Every structure is written in C-alpha cells, then in structure tokens.
Amino acid sequence: MAEQDEETLFEFVLPAGTLVSTMSDYGGKTQEISATPDESRVLVEFPQEADVRGLIERLKDSYSGTELLAYRHRERPAKTKQDFIESLTDSLTERQLASLQKAYVSGFFDWPRPVTGEELAESMRISRSTFHEHLRAAERKLCAEFFSDESA
C-alpha cells in the first residue's frame, strides 16, 4: 500500500480464476472497479484482437448474473517512437533529462555499476541527493509515459 497526496494505492495478489485474472488472460486492462453490497461493475479495456465474445461467455458461465452493460469500439491513433520521445521530453525538466541521459550513457543502470551516483552528481556539480531526486523524478515520468493509456 502506498499513500501520496490524497490518494491511496492498494496492490492485491489475486488467485488464478478470479474475475480480474480471467479478463487479463484475454488481454484486458482493468480501468475501474466499483462495488456496492448488491453488485460490482468493472470497466476493462481490451485490444482490438481480443476474443471478447468468448470472454463474456466464460464470465457468464463462471459468475451467474453477469451482464454486459456497454461495448464501445475506440480507434486510437498509433503513437510513434518519436511521439513517445517528444511527450517524455516535454514532461522532463532540463536537469531531469540530463540526469537520466548521464546515468544511462555512463552505465549507471548496469550491474555492477561502473560509476556511482555520487560521481555523476559531482560531474553535474550538484549534490548526490539532488542528482538522485532528478533521476527518480525522470524515472517516474518515464514509467508514467510508458504505462499510460495513451501510449497503449
């Protein structure tokens, strides 16, 4: 569990055969789950090639009372590598980009590391903690861009 600002993130491990894992088997990405004492609603996004009809039948067999409420087809423009790079570059500060590039080029992400964070910080004339702050922010933004719905 992690807390940040006014949100709390929970991470669950679900046994095989659960609703979410079944949808994941079909390539589904769970977008939203809501529940009341009477019912649960799940919003899931599937790739175009997914066998959604097969999934619906499987869910109806496994969970009595399952009902498909809506089915919407959306076209998403393909995001090119250049689009990804531009979007990421736009979100990074100059120092975050410099820290990420310097760390990558110097082999900081290799194991064993040929260079320390302290050495990289010195080369940028900043403190080690500031270097790591910039690097972690850049990594967070890189992951957000990589895992965001728009990059799918």
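Here goes a summary of the coordinates provided. (Residues numbered from 1 in each chain as written. Predicted model: local features only at pLDDT ≥ 70, side-chain atom pairs only at ≥ 80, totals over all residues. Heavy atoms only, no water.)

1. Some points on the pattern of salt bridges
So, step 1. The final tally for this structure, using the stated rule, is 3 salt bridges.
So, step 2. Note that arginine 41 is salt-bridged to glutamate 39, the shortest N-O span being 2.9 Å.
So, step 3. Exposure remark for glutamate 39: the relative accessible area of 41% places this residue in the partly exposed category.
So, step 4. Notably, a salt bridge pairs arginine 136 with glutamate 139, separated by 3.2 Å at the nearest N-O pair. Of this pair, arginine 136 and glutamate 139 both sit in helix 6 (residues 128–147), 3 residues apart, roughly one helical turn. (Salt bridge = Lys/Arg side-chain N within 4 Å of Asp/Glu carboxyl O. Buried < 20%, exposed > 50% of the residue type's maximum accessible area, 1.4 Å probe, protein only. Helix = DSSP H or I, 4+ residues; strand = E, 2+ residues; numbered from the N terminus.)

2. Some remarks on the side chain of histidine 134
So, step 1. The topology assignment puts histidine 134 in helix 6.
So, step 2. The class of histidine 134 is buried, set by a relative accessible area of 17%.
So, step 3. Look past the residues within four positions of histidine 134 in its chain and what remains in contact with it is Arg95, Gln96, Ser99 and Ile126. (Contact = heavy atoms within 4.5 Å.)

3. Some words on the nonpolar core
So, step 1. In terms of nonpolar packing, the biggest core is built from 13 residues, with Ala103, Phe108, Leu120, Phe131 and Leu135 touching the most fellow members.
So, step 2. Look past the residues within four positions of alanine 103 in its chain and what remains in contact with it is Phe108, Phe109, Leu120, Phe131 and Leu135. (Core = buried A, V, L, I, M, F, W, Y, C linked by side-chain atoms within 4.5 Å.)

4. Focus on helix 4 (residues 94–106)
So, step 1. The end-to-end C-alpha distance of helix 4, which contains 13 residues, comes to 18 Å, matching closely the 18 Å that a straight helix rising 1.5 Å per residue would cover.
So, step 2. Taken residue by residue, helix 4 has Gln96, Ser99, Leu100 and Ala103 as its buried positions. Buried residues of helix 4 fall within an arc of 95 degrees about the axis and therefore sit on the same side. In helix 4, the exposed positions angled more than 90 degrees off the buried face are occupied by Glu94 and Val105.
So, step 3. Each element contacted by the buried residues of helix 4 is listed here: helix 3 (81–91), helix 5 (117–124) and helix 6.
So, step 4. Downstream of helix 4 by a residue or two, glycine 107 has a phi angle that is positive, lying close to 90 degrees. (Expected span 1.5 Å × (residues − 1). Arc of directions from axis to C-beta.)

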